[in-house]
Amino acid sequence: MSPSDDQALTGAIFEESAVLTLKDLSRMCAVDEQHIVEYVEEGVIHAVASTDEWHFSGAALRRTRLALRLERDLEINLAGVALALELLDELQRLRREQVGR
Amino acid sequence: MEFKDYYKVMGVARDATEAQIKQAYRKLARKYHPDVSKEKDAEARFKEVGEAYEVLKSAEKRAAYDQLGQGPRPGEDFRPPPDWGTGFEFSGAGGRDSAYSDFFESLFGAQGRGESRGTRGAFHPGRGEDHHAKVLLDLDATLKGGTRQLSLRVPDIDADGRLVSKERVLNVQVPKGILAGQSIRLAGQGAPAHGEGTPGDLFIEVEFQPHPWYRVDGRDLYLELPVAPWEAALGATVKTPTPTATVELKIPSGAHAGSKLRLKGRGIPASPPGDFYVILQIALPPANDDTAKAAYAAMAAALPFNPRASFGV
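Note that the coordinates shown come from a computational prediction; the quantities given were computed from them, not determined experimentally. (Residues numbered from 1 in each chain as written. Chains lettered and ligands numbered in written order. Predicted model: local features only at pLDDT ≥ 70, side-chain atom pairs only at ≥ 80, totals over all residues.)

(A) Highlighting the overall build of chain B. From N to C terminus, chain B includes eight helices and eleven strands. Expressed as a percentage of its 313 residues, the buried residues of chain B come to 24%. A separation threshold of at least 6 residues defines the contact pool for chain B, and within that pool the share at least 24 residues apart is 56%. (Helix = DSSP H or I, 4+ residues; strand = E, 2+ residues; numbered from the N terminus. Buried ≥ 20, exposed ≤ 12 C-beta atoms within 10 Å, placed from the backbone. Contact = placed C-beta atoms within 7 Å.)

This is the structure in structure tokens:
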């Protein structure tokens, strides 16, 4: 039985429209702004520099949360987090290549 | 309640040093971390290891736990001693989002859980926390859109102030064209507000169940399409399923196994839409009767063909 449409919750695809400020990202990840700044400086996440303020895409939320989990759960430092994320990206790229074959 | 042998979970001796425990934890955490592990039951194992470490890394909790001795044999029923909980004060900063076992909670209760990480909630005192969940959807949900009943595990605080994991069932309209790794944001469906503020949001991250025919790569779809040798060699127009409809696909003559044909814009209907790729496979008709055998023999006689020519043999 499929639930009827009229009682369903609707929401937008977060990554498509979201533009986050440093403050937004910091609040949504429950971590202080300095920590996010360090991630940007280490290249873990990327900020879009506009006139006077950093902005982040919606995809940065998932990536920051992932980085925080790795940092906390695996007790690794910032450089370790950056390396782990790069290797995870590479792994995903290889898996995608496999799909297209 | 089941007694948990935390030393066994961590694979360390009961007299292991702090350094040995830390080392064991890191090794197990890397092995079972759900974000990096492909092990079966990674998530359950990781939680178990995290709980064991939470106890053994803290001198206070470990001393308290050791007082229980070996406990009953693992799996046997366990009750904390009646005078349990007197004389210990638990402090600690761990931070976690998921519930520990009843065994842990009965020993260390809510205080033992440690504070949530850092400054959670300190920025917008009145605003409820956002919740995050992950769901596995059928590919049709993004191809056609539609409502799905989703069953989520969400953190909750029970009457005794303990962090528990609760099931929540929601009917959610899946936005057409959502891609794996993207999230549906449901405003106001997160944790309730603290006092005057607004409730948090619920983020539902989407992954797809494997589809029997289509493989997914971002917004593109791939289909392995079997064709007969003569369809590939001579060219043909064949029926091909796509997410929206069955289409007539033109196979160019001289196609071979692995040839890739693109149907632009017929992938996942995101913006911009993905493409639909057909990868040809050559299917051989079975030679299981005289007519078929004669046809293969005639082809062998008529065609000077060495499929291994590139090896020089």
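And the narrative resumes.
(B) Summary view of the overall build of chain A. Across its full length, chain A carries five helices and five strands. Along its sequence from the N terminus, chain A presents helices and strands in the succession β-β-α-β-α-α-β-β-α-α. For a compact globule of 101 residues, the expected C-alpha radius of gyration is about 13 Å, and chain A comes in at 17 Å, more than 25% above that figure. Considering only C-alpha atoms, chain A reaches an extent of 50 × 40 × 30 Å along its principal axes. For chain A, the proportion of its 101 residues judged to be buried stands at 27%. For chain A, contacts bridging at least 24 residues in sequence account for 57% of all contacts bridging at least 6. (Rg over C-alpha atoms; globule rule 2.2 N^0.38 Å.)

(C) Here's a closer look at the sheet that holds strand β4 (residues 48-49) of chain A. Here we have three strands laid out as an open sheet, ordered β3-β5-β4 (chain A), and antiparallel in their pairing. In this open sheet, the two edge strands, each paired with only one partner strand, are β3 (19-21) and β4 of chain A. (Pairing = 2+ DSSP bridges.)

(D) Looking closely at the packing of helix α2 (residues 18-32) of chain B against helix α3 (residues 42-56) of chain B. All names here are of chain B. Two numbers describe how α2 lies on α3: the axes approach to 9 Å, and their chain directions differ by 165°. In terms of axis orientation, α2 runs roughly antiparallel to α3. Regarding α2 and α3, the two cross each other, and that crossing is left-handed. Residues Ile-21, Tyr-25, Leu-28, Ala-29 and Tyr-32 of α2 touch α3, and the partners they reach there are Ala-42, Arg-45, Phe-46, Val-49, Tyr-53 and Leu-56. Looking at the contact of α2 with α3 residue by residue, the class counts come to ten nonpolar, no polar and one charged. (Axes fitted to C-alpha atoms, helices over the stretch in contact; angles between N-to-C directions. Parallel < 35°, antiparallel > 145°, perpendicular 65-115°, else oblique. Left-handed = near helix turned anticlockwise from the far one by under 90°. Nonpolar A, V, L, I, M, F, W, Y, C, P; charged D, E, K, R; others polar.)

(E) The sheet that holds strand β10 (residues 260-263) of chain B, seen in detail. Residues and elements named next belong to chain B. The strand order β6-β7-β11-β10 describes an open sheet built from four strands, whose pairing is mixed. In this open sheet, the two strands that pair with only one neighbour each are β6 (214-217) and β10. Adjacent strand axes in the sheet meet at a mean angle of 30°, parallel and antiparallel pairs treated alike. With seven bridges joining them, strand β7 (residues 220-227) and strand β11 (residues 276-282) adopt parallel strand pairing. Of the residues in β11, the one forming a bridge with Tyr-222 is Tyr-277.

(F) Just the interface of chain B and chain A, in detail. Facing the 35 residues of chain B at the interface are 30 residues of chain A. If you list the elements that add at least two residues to the side of chain B that touches chain A, you get α2, β2 (146-157), β3 (163-174), β4 (183-186), β5 (202-208) and β6 of chain B. Among the residues making up the side of chain B that touches chain A, the classes are represented as twelve nonpolar, 13 polar and ten charged. Across two bridges, strand β1 (residues 9-10) of chain A lies against β3 of chain B in parallel orientation. Bridging across to β3 of chain B, Leu-9 of chain A finds its partner in Val-172 of chain B.

(G) Geometry of the nonpolar core. Formed by 33 residues in total, the largest nonpolar core has its most connected members in Leu-25 and Ala-67 of chain A together with Ile-184 and Ile-204 of chain B. For this core, the secondary-structure elements that each account for two or more residues are α2 (22-28), α3 (33-42), α4 (59-73) and α5 (78-99) of chain A together with β3, β4 and β5 of chain B. Top contributing element to this core by residue count: α4 of chain A, with five residues. If near-sequence neighbours (up to four positions away) are discounted, Ala-67 of chain A is found in contact with Tyr-39, Val-44, Val-81 and Leu-85 of chain A. Counting residues in hydrophobic clusters, the runner-up holds 21 residues, among them Tyr-25, Leu-56, Phe-104 and Phe-108 of chain B. (Core = buried A, V, L, I, M, F, W, Y, C linked by C-beta atoms within 7 Å.)

(H) Summary view of the confidence of the model for chain A. Per-residue confidence for chain A gives a mean pLDDT of 87, with 92% of residues at or over 70. α3 of chain A holds the highest mean pLDDT among the elements of chain A, 94, whereas β4 of chain A holds the lowest, 80. (pLDDT = per-residue confidence, 0-100.)

(I) Examining the pairing of β3 of chain B more closely. All names here are of chain B. Bridge analysis of β2 against β3 gives twelve bridges, and the strand direction is antiparallel. Within β3, the residue paired with Gln-149 across the bridge is Asn-171. Hairpin connection, β2 to β3: the antiparallel pair is bridged by five residues, and Gly-161 has positive phi, about 80°.

(J) Structural context of the pairing of β6 of chain B. Residues and elements named next belong to chain B. Only one face of β6 is buried, namely the one carrying Tyr-214 and Val-216, since none of Arg-215 and Asp-217 on the opposite face is buried. Where β6 and β7 come together, four bridges link them in antiparallel fashion. Paired with Tyr-214 across the strands is Leu-223, a residue of β7. Hairpin connection of β6 to β7: two residues between the antiparallel strands, including Gly-218 at a positive phi of 60°.

(K) Representation of unusual backbone geometry in the model. A cis geometry characterises the amide bond from Ser-271 of chain B onward to Pro-272 of chain B, with omega recorded as 0°. Examined against the element boundaries, Pro-272 of chain B turns out to sit in the loop between β10 and β11. One non-glycine residue, Ala-30 of chain A, adopts positive backbone phi at about 50°. Secondary-structure assignment places Ala-30 of chain A in the loop between α2 and α3. Positioned with a positive phi, Glu-75 of chain A is a non-glycine residue whose angle comes to about 50°. Inspection of the secondary structure puts Glu-75 of chain A in the loop between α4 and α5.

(L) Quick peek at the confidence of the model for chain B. All names here are of chain B. Overall, the prediction assigns chain B a mean pLDDT of 85, with 85% of residues at 70 or greater. For the stretch residues 91-96, pLDDT sits under 50, and the model shows twelve contacts to residues farther than four places along the chain or on other chains. Note on residues 114-122: pLDDT is under 50 here. Beyond four places in sequence and across chains, it has 16 contacts.

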